[in-house]
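Here are the chains, one letter per residue:
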Amino acid sequence: MKSVFTLFLLHASFLLFSQNSIRAAGAVSPLAIFSSEWNQVKYSKCNTAVNAAYLSKSEKEVIYILNLIRTYPALFARTVLKQYPGLSGNGYLADDTYYYKSLVDTLLLLQPMNMLYPDKSCFNSAKSHAYQSGISGYVGHERKTPDSKLKKHYYGECCDYGRKDALEIVLSLLIDEGIPSLGHRDICLSSYTKVGVSIQPHKKYGTNAVLDFIY
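Bear in mind the structure is a predicted one, so any value in this text is a computation, not a measurement. (Residues numbered from 1 in each chain as written. Predicted model: local features only at pLDDT ≥ 70, side-chain atom pairs only at ≥ 80, totals over all residues. Heavy atoms only, no water.)

1. Description of the packing of helix α3 (residues 73–88) against helix α4 (residues 97–109)
Two elements in contact, α3 and α4, have axes whose closest approach is 8 Å; the angle formed by their N-to-C orientations is 160 degrees. Put simply, α3 runs roughly antiparallel to α4. As for how α3 packs across α4, the hand of that crossing is left-handed. Seen from α3, the contacting residues are Pro73, Ala74, Phe76, Ala77, Arg78, Leu81, Lys82 and Pro85; seen from α4, they are Tyr100, Leu103, Val104, Leu107 and Leu108. (Axes fitted to C-alpha atoms, helices over the stretch in contact; angles between N-to-C directions. Helix = DSSP H or I, 4+ residues; strand = E, 2+ residues; numbered from the N terminus. Parallel < 35°, antiparallel > 145°, perpendicular 65-115°, else oblique. Left-handed = near helix turned anticlockwise from the far one by under 90°. Contact = heavy atoms within 4.5 Å.)

Dropping the structure here:
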């Protein structure tokens, strides 16, 4: 079993490799290191949050990547998912049937879906919850403060802890390791039309991301 420090180094190396490769290639896509195919102009239509000034770069990329997956699921499975276990240092995933391989199979068969568009009310909902959860170190969906309760606005919600890279957040939710119901995956691949994303500091895990979806 790899030590926590070793896993940290592998994770850090993966992120650095990703960022440096994207810059070196002059890439326009956050998935370009997995295949130059993703740099084709036609895929830029999936960047629906590009002009949402209230979102950070990483928050916009979460929506961009979700849309690329929802619109081109088989291509994502053949390029990104195929390489992810090795590049990320999580080689054990390649042998995991329930979480990893089931996601590959699902995306290979999935018909293209509608794209998600950023929604300010969903963002305010996600930001309030991520911010308050971060301050207290809370993990879960229950709104604990008057502000969070007032701004609550979603039909489906995903929360992720300990990751701030957009692709890592999305893959964590889709692989859904340790969640037998695969609830996060189901939400990310459901027929929602709008989403808000907020990535905030977290007292216990360093970072937490909240994604709030509506129809």
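2. Structural notes on the environment of Ser190
Secondary-structure assignment places Ser190 in the loop between α8 (183–188) and β3 (194–202). For the pair Ser190 and Asn114, spaced 76 residues apart in sequence, the C-alpha to C-alpha distance is 9.4 Å.

3. Focus on α3
Roughly 30 degrees is the biggest bend found in α3, and it falls at Val80. Within α3 the residues assigned to the buried category are Pro73, Leu75, Phe76, Ala77, Thr79, Val80, Leu81, Tyr84, Pro85 and Ser88. Count one or two residues on from α3 and you reach Gly89, which has phi positive near 85 degrees. (Bend = angle between axes of the 7 residues up to and from the residue. Buried < 20%, exposed > 50% of the residue type's maximum accessible area, 1.4 Å probe, protein only.)

4. Things to note about the pattern of salt bridges
Between side chains of opposite charge, a pair can form when the charged atoms approach closely. Under the counting rule described, the total for this entry stands at five salt bridges. One salt bridge connects Glu142 with Lys144, and the closest N-O pair in it is separated by 3.5 Å. Classification of Lys144 by relative accessible area gives exposed; the value is 51%. For Asp160, the salt bridge identified is with Arg163, shortest N-O distance 3.0 Å. Under the relative-accessibility criterion, Asp160 is labelled buried at 5%. Judged by its relative accessible area of 28%, Arg163 is partly exposed. One network of salt bridges, with partners in common, ties together Arg143, Glu157 and Asp212. (Salt bridge = Lys/Arg side-chain N within 4 Å of Asp/Glu carboxyl O.)

5. What to know about the environment of Ala32
Summarising the element assignment, Ala32 is placed in the loop between α1 (4–25) and α2 (57–71). For Ala32 and Val80, which are 48 residues apart along the polypeptide, the C-alpha to C-alpha distance reads 9.2 Å.

6. Brief notes about the side chain of His129
Note that His129 resides in helix α5 (residues 120–136). Within the local environment of His129, its side chain forms a polar contact with the backbone oxygen of Gly140, the two atoms lying 2.8 Å apart. (Polar contact = N/O pair within 3.5 Å; in protein donor to acceptor, adjacent residues only side chain to side chain.)

7. Here's the deal with the environment of Ile179
Relative to the elements of secondary structure, Ile179 occurs in the loop between α7 (166–175) and α8. Residue Ile179 is classed as partly exposed on the basis of its relative accessible area, which comes to 29%. Through-space distance from the C-alpha of Ile179 to that of Tyr99 is 8.7 Å; in sequence the pair is 80 residues apart.

8. Some thoughts on α7
Buried residues dominate α7, accounting for 10 of its 10 residues. Residues of α7 that are buried include every one of Ala166, Leu167, Glu168, Ile169, Val170, Leu171, Ser172, Leu173, Leu174 and Ile175, and no others. With a side-chain oxygen positioned 3.2 Å from the backbone nitrogen of Leu167, the residue opening α7 is Asp165. Backbone geometry just downstream of α7 places Asp176 in the positive-phi region, at approximately 60 degrees.

9. Things to note about the sheet that holds strand β4 (residues 206–214)
The sheet built from four strands is open, its strands ordered β1-β3-β4-β2 with mixed pairing. Since the sheet does not close on itself, it has two edges, and those belong to β1 (117–118) and β2 (156–161), each with one partner. Against the sheet, α2 engages β1, β3 and β4, with an angle of about 135 degrees to β3. Against the sheet, α5 makes contact with β1, β2, β3 and β4, and its axis sits at roughly 20 degrees relative to β3, the strand it touches most. (Pairing = 2+ DSSP bridges.)

10. Things to note about the confidence of the model for the protein chain
Within the protein chain, residue pLDDT values average 90, and 87% of them lie at 70 or more. This model gives residues 1–13 a pLDDT under 50, and the stretch forms seven contacts once residues within four places in sequence are excluded. In this model, residues 16–26 is a region of pLDDT below 50 whose contacts with residues beyond four sequence positions or in other chains number eight contacts. (pLDDT = per-residue confidence, 0-100.)

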